[in-house]
Amino acid sequence: MIRPADIREWRNHEVVDPQGRKIGMLEAIYVDTATDRPAMATIRTGLPTRQRLVFVPLDEAVLGPGYVRVSHARTKVRKAPSIGTDDVLPAEREEPIFQHYDMEYRPGVNGERRLARR
């Protein structure tokens, strides 16, 4: 189980899929606003001149020495919704991220966004 106190230590760790294939470098953690628990991560992928940040759920993620292993295949993660390296995730783009991973999306009771960057 991943502890929220460890979040700052994850940045710039390599992110790998269940088979150990490198996906990219961990850039940021997004927490679920209802629970304040880590929910998603952004991973820096692409060529050095054309990088982007893709989203991946942290369900069943495992933190190892210098890496974070996620439970989704590299091909699925690389096709996930993304943002530019200097962009902010708009609230209206949260739901497609959850849909990509076949996860239920439920905003807050008053329409609050579901993810917050930490």
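Residues numbered from 1 in each chain as written. Predicted model: local features only at pLDDT ≥ 70, side-chain atom pairs only at ≥ 80, totals over all residues. Heavy atoms only, no water.

1. A few points about the side chain of D17
Here D17 lies in the loop between β1 (14-16) and β2 (22-32). Among the polar contacts made by the side chain of D17, one reaches the side chain of R21 at a distance of 2.7 Å. Every residue in contact with D17, bar those within four places of it in the chain, is listed here: I23, R69, V70, H72, A73 and R74. (Helix = DSSP H or I, 4+ residues; strand = E, 2+ residues; numbered from the N terminus. Polar contact = N/O pair within 3.5 Å; in protein donor to acceptor, adjacent residues only side chain to side chain. Contact = heavy atoms within 4.5 Å.)

2. A look at the nonpolar core
Judged by nonpolar contacts, the single largest core of 16 residues is most densely connected at L26, I43, V56, L58, V70 and V77. Counting 12 residues, the second-largest nonpolar core is a separate cluster that includes Y30, A39, L53 and L115. (Core = buried A, V, L, I, M, F, W, Y, C linked by side-chain atoms within 4.5 Å. Buried < 20%, exposed > 50% of the residue type's maximum accessible area, 1.4 Å probe, protein only.)

3. Thoughts on unusual backbone geometry
The backbone of N12 sits at a positive phi, close to 65°, despite the residue not being glycine. With respect to the secondary-structure elements, N12 resides in the loop between α1 (7-10) and β1. Owing to a relative accessible area of 60%, N12 belongs among the exposed residues under this scheme.

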